[in-house]
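Coordinates in review
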Amino acid sequence: MKYSTFPRAIEIQTISACNAKCVICPHSQASQKIPSGAMDMDLFCGVINQIDPAWNCRIIPYLNSEPMLDPLIIPRLRYICLRSEHPELELSTNVSTLTLSKQIAMTGIYLSELRLSLFGFTENTHKLIMPGLRWDMVKRNLDHLVVNHE
């Protein structure tokens, strides 16, 4: 069996923040051990510039944080798209801050995969597992995702 010399995926944590307080997530423990804050845009661009588009690897700009809390996440996604004609780009969000205005601002950014981290699909179960979030805000943002805005 022949293995590729290039990574299949690269995860970049651009911000060390999360607002969900999920009972199943290691973020609260990890956040006490790693520096907090957002990654500098120059550093981010430097990391992305080292990824050869010919590698065809998946770029994942999050790890154990909520990427939509990063005030530069949309420019970061656009930068990734500029570096590669067809980037393999994955994003995961708890949807709490994926507002309609952010959804509109992301127009033209191609995501290979958008993961919605929802643990409980009723207000009651959502509050039990993701106590840091307001269900009404999450539900409103979800509703915007499924409505065709022209």
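In this report, we go over the structure that sits alongside the text. (Residues numbered from 1 in each chain as written. Predicted model: local features only at pLDDT ≥ 70, side-chain atom pairs only at ≥ 80, totals over all residues. Heavy atoms only, no water.)

Quick notes on the side chain of Arg 58
- Inspection of the secondary structure assignment puts Arg 58 in strand E2 (residues 58–60).
- Separated by 2.4 Å, the side chains of Arg 58 and Glu 88 make a polar contact.
- Within polar-contact distance, the side chain of Arg 58 engages the side chain of Glu 113 at 2.7 Å.
- Every residue in contact with Arg 58, bar those within four places of it in the chain, is listed here: Arg 8, Ala 9, Ile 10, Glu 88, Glu 90, Ser 112 and Glu 113. (Helix = DSSP H or I, 4+ residues; strand = E, 2+ residues; numbered from the N terminus. Polar contact = N/O pair within 3.5 Å; in protein donor to acceptor, adjacent residues only side chain to side chain. Contact = heavy atoms within 4.5 Å.)

Brief notes about the sheet that holds strand E3 (residues 88–93)
- With respect to topology, four strands assemble into an open sheet ordered E1-E2-E3-E4, the strand pairing being parallel. Pairing within the sheet leaves two strands with one partner each, and these edge strands are strand E1 (9–11) and strand E4 (113–116). Going from strand to strand, the sheet's axes swing by 20 degrees on average, the running direction of each strand aside.
- Pairing geometry for E2 and E3, over two bridges, is parallel. Bridging from a neighbouring strand, Ile 59 pairs with Leu 89 of E3. (Pairing = 2+ DSSP bridges. Axes fitted to C-alpha atoms, helices over the stretch in contact; angles between N-to-C directions.)

As for the pattern of salt bridges
- Inspection of the entire model under this criterion finds nine salt bridges.
- One salt bridge in this structure joins Arg 58 and Glu 113, with 2.7 Å as the shortest N-O distance. One end of the pair, Arg 58, is in strand E2; the other, Glu 113, is in strand E4, with 55 residues separating them in the sequence.
- For Arg 58, a relative accessible area of 17% corresponds to the buried category.
- What makes Glu 113 partly exposed here is its relative accessible area of 26%. (Salt bridge = Lys/Arg side-chain N within 4 Å of Asp/Glu carboxyl O. Buried < 20%, exposed > 50% of the residue type's maximum accessible area, 1.4 Å probe, protein only.)

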